[in-house]
Amino acid sequence: MFVKICGLSTAETVAAAVDAGADAVGFVLTRSVRQVTPDRARELAAAVPPHVLTVAVVAGADIATVRDLVRDCGLRALQLHGDYSRDDFAAVADLGLTLVRATSHEAPDLRIGAYGEDLLLVDATEPGSGGAWDYAALRERSPGDGWILAGGLYVDTVADAIHRSGAGGVDVSSGVESARGVKSEALIRDFIAAARKAG
Ligand SMILES: O=C(O)c1ccccc1N[C@@H]1O[C@H](COP(=O)(O)O)[C@@H](O)[C@H]1O
């Protein structure tokens, strides 16, 4: 089970995620209560060991701005949320990053790789909102092997969500916070343990 902890902004919570066994950690570079600057993301990612994927999370920025945001921040993956086209994905392919297409569960095309991405993340309609959706519906639509489930996952719901959806990975932001935008080291540890136990 692949586990990503998203929206990190402090050295302590990055360390908690890494120590608890996260496979990936995400830094939000566009407007959000969890937004960090590219320089801050670079600083935080410098302490992350190479076996943990560092992910730049971007929503809604035009693709030229995306290129500027990620070019110098030293992260290894780019997660794009929003109305990005196949051409947009092609326009960042030369950056050498693992590309994550983040899309709503209501989107028409849920095949992994349809836009040239390496990983597909299926989310709620409003990313980072903590809102859950009908995870079981994805079993019938079958995005393929290895897709990542996101949107409204919490310590006490993640196991059921994994079983109902058949996802091979999970991504969480709101569900490991003690208040909006404030990550909890204890919840990060508990979430990773619960996801690992389920998958
Ligand atoms: O976390 C954010 O603030 C965020 C902002 C903009 C785009 C994506 C964001 N996070 C992603 O949202 C989902 C999970 O959200 P939640 O657990 O429901 O809060 C996940 O893909 C995060 O990477």
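As the structure is a prediction and not an experimental result, all values here were calculated from the model.

The rules behind these values
Residues numbered from 1 in each chain as written. Predicted model: local features only at pLDDT ≥ 70, side-chain atom pairs only at ≥ 80, totals over all residues. Pairing = 2+ DSSP bridges. Helix = DSSP H or I, 4+ residues; strand = E, 2+ residues; numbered from the N terminus. Right-handed = clockwise from strand over helix to strand, strands pointing away. Axes fitted to C-alpha atoms, helices over the stretch in contact; angles between N-to-C directions. Left-handed = near helix turned anticlockwise from the far one by under 90°. Contact = placed C-beta atoms within 7 Å. Nonpolar A, V, L, I, M, F, W, Y, C, P; charged D, E, K, R; others polar. UniProt positions renumbered as here; feature names shortened; annotations may be inferred.

1. Quick look at the pairing of strand β5 (residues 98–104)
Here is step 1 of the chain: Pairing analysis gives 5 bridges linking strand β4 (residues 77–81) to β5, with the strands arranged parallel. In the strand pairing of β5, Leu 80 is matched with Arg 101.
Here is step 2 of the chain: Remark: the β4/helix α4 (residues 86–91)/β5 crossover connection has right-handed handedness.
Here is step 3 of the chain: Note that β5 and strand β6 (residues 119–123) share 5 bridges and pair parallel. Directly across from Ser 104, in β6, lies its bridge partner Asp 123.

2. Regarding the sheet that holds strand β2 (residues 24–28)
Here is step 1 of the chain: Taken together, the 8 strands give a closed barrel; going around it, the order is β1-β2-β3-β4-β5-β6-β7-β8, and neighbouring strands pair in parallel fashion. The average angle at which neighbouring strand axes cross in this sheet is 25 degrees, direction not considered.
Here is step 2 of the chain: Two strands pair when backbone bridges link them, and strand β7 (residues 148–150) and strand β8 (residues 169–172) are joined in this way by 3 bridges, in the parallel orientation. Opposite Leu 149, over in β8, you have Val 170 as the bridge partner.

3. With respect to the packing of helix α6 (residues 158–165) against helix α7 (residues 185–198)
Here is step 1 of the chain: Here α6 crosses α7 at 35 degrees, and the two axes come no closer than 8 Å. Handedness of the α6/α7 crossing: right-handed. From α6, Val 158, Ala 159, Ile 162 and His 163 reach across to α7, where they touch Phe 191, Ala 194, Ala 195, Lys 197 and Ala 198.
Here is step 2 of the chain: When its residues are assigned to classes, the contact of α6 with α7 shows 7 nonpolar, 1 polar and 1 charged.

4. With respect to the UniProt feature "domain: N-(5'phosphoribosyl) anthranilate isomerase (PRAI)" (unreviewed entry) in the chain
Here is step 1 of the chain: UniProt's feature table lists "domain: N-(5'phosphoribosyl) anthranilate isomerase (PRAI)" (unreviewed entry) at residues 3–193, given in the numbering used throughout.
Here is step 2 of the chain: Structurally, residues 3–193 comprises 28% helix and 23% strand, and the distance from its first C-alpha atom to its last is 10 Å.

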